[in-house]
Amino acid sequence: MMFSKPKNKNKKFIACTGKKKYEFMNPKDLILKDGKEKEPVEIASDKNGFVFITWKNKKYQVEIIDKNQNQYEVTVNGVSYSISVESPFSYKRKKYLNKNKQDSKIEHIQAPMPGKIIEFLVEENQVIKVGEPLLILEAMKMQNEILSNIDGKIKSIHFAPEDTVMKDDVLIEVEK
């Protein structure tokens, strides 16, 4: 029996979180490149099965909530993030397609996770700014403030307080 090194040992991947981009090598060479900085990342689990990453001398608890192809929903210290992991080719393709798509005048604010709506903090026809809180969504006994990612005007609200929503349900439509 003969063993050989995997051909893709030094294959580069790109993790995208919104506008931030991190580069890393696969499989165990965990060094993230954030701009010009390169920082090692350590992944460890404790005896209770919790997973932690250590990056820039800080320890963070990590949990993978959902995985769908190259899309991941993870929580780091209780904060939820959507991350896509791309090869350099797929990253360039995704960037090209996003650059050349037709911009819609309506933006959909979707539920980042399943949960129950506690309260809407905005009303229809209200003008909003980036970073402004839109609603409070309870998930896993934690209340999460859902913030606006665009400037615009609330066109419609699709649910009411106490409604249960699933991940990716359209909660609010915002006119740019």
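In this text, all values refer to a predicted model and were calculated from it rather than measured experimentally. (Residues numbered from 1 in each chain as written. Predicted model: local features only at pLDDT ≥ 70, side-chain atom pairs only at ≥ 80, totals over all residues. Heavy atoms only, no water.)

Here we take up the sheet that holds strand β13 (residues 142-147). Pairing is antiparallel across the open sheet formed by four strands, whose spatial order is β13-β12-β10-β15. Looking at which strands have only one partner, the edges of the open sheet turn out to be β13 and β15 (164-165). One ladder, built from two bridges, connects strand β10 (residues 115-120) with β15; its direction is antiparallel. Bridge pairing in β15 places Lys-116 opposite Thr-164. (Pairing = 2+ DSSP bridges. Helix = DSSP H or I, 4+ residues; strand = E, 2+ residues; numbered from the N terminus.)

Turning our eyes to something else, we now look at the pattern of salt bridges. Where charged atoms from two side chains of opposite charge come close, those side chains can pair. This structure, assessed with the given rule, holds five salt bridges. As a salt-bridge pair, Glu-73 and Lys-167 come within 3.9 Å of each other at their nearest N and O atoms. Of this pair, Glu-73 sits in strand β7 (residues 71-76) while Lys-167 sits in the loop between β15 and β16 (170-175); the two residues are 94 residues apart in sequence, bridging distant segments of the chain. Classification of Glu-73 by relative accessible area gives buried; the value is 3%. The residue Lys-94 makes a salt bridge to Glu-86 at a minimum N-O spacing of 3.4 Å. Its relative accessible area of 30% is what places Lys-94 among the partly exposed residues. Connected via shared salt-bridge partners are Glu-73, Lys-167 and Asp-168. (Salt bridge = Lys/Arg side-chain N within 4 Å of Asp/Glu carboxyl O. Buried < 20%, exposed > 50% of the residue type's maximum accessible area, 1.4 Å probe, protein only.)

As a further point, take the sheet that holds strand β11 (residues 127-128). As a general point, the strands of a sheet are linked pairwise by backbone hydrogen bonds and lie either parallel or antiparallel. Taken in spatial order, the four strands line up as β9-β16-β14-β11 in an open sheet, and their pairing is antiparallel. Each edge of the open sheet carries a strand with a single partner, namely β9 (106-110) and β11. Judged from the five bridges that link them, β9 and β16 form a sheet pairing that is antiparallel. Within the sheet, the bridge partner assigned to Ile-109 lies in β16 and is Ile-172.

Along the chain, Leu-147 falls in strand β13. Here Leu-147 falls in the partly exposed class, since its relative accessible area comes to 41%. Sequence separation of Leu-147 and Glu-132 is 15 residues, and the distance between their C-alpha atoms is 5.4 Å. Beyond its immediate sequence surroundings of up to four residues, Leu-147 is in contact with Gly-131, Glu-132, Pro-133 and Leu-134. (Contact = heavy atoms within 4.5 Å.)

To continue, consider the pairing of strand β5 (residues 51-55). By the bridge criterion, five bridges tie strand β4 (residues 37-45) to β5 in an arrangement that is antiparallel. Looking across to β5, one finds that Ile-43 is bridged to Ile-53. Two successive antiparallel strands, β4 and β5, enclose a turn made up of five residues, where Gly-49 displays a positive phi of approximately 90°. Pairing geometry for β5 and strand β6 (residues 58-68), over five bridges, is antiparallel. Within β6, the residue paired with Ile-53 across the bridge is Tyr-60.

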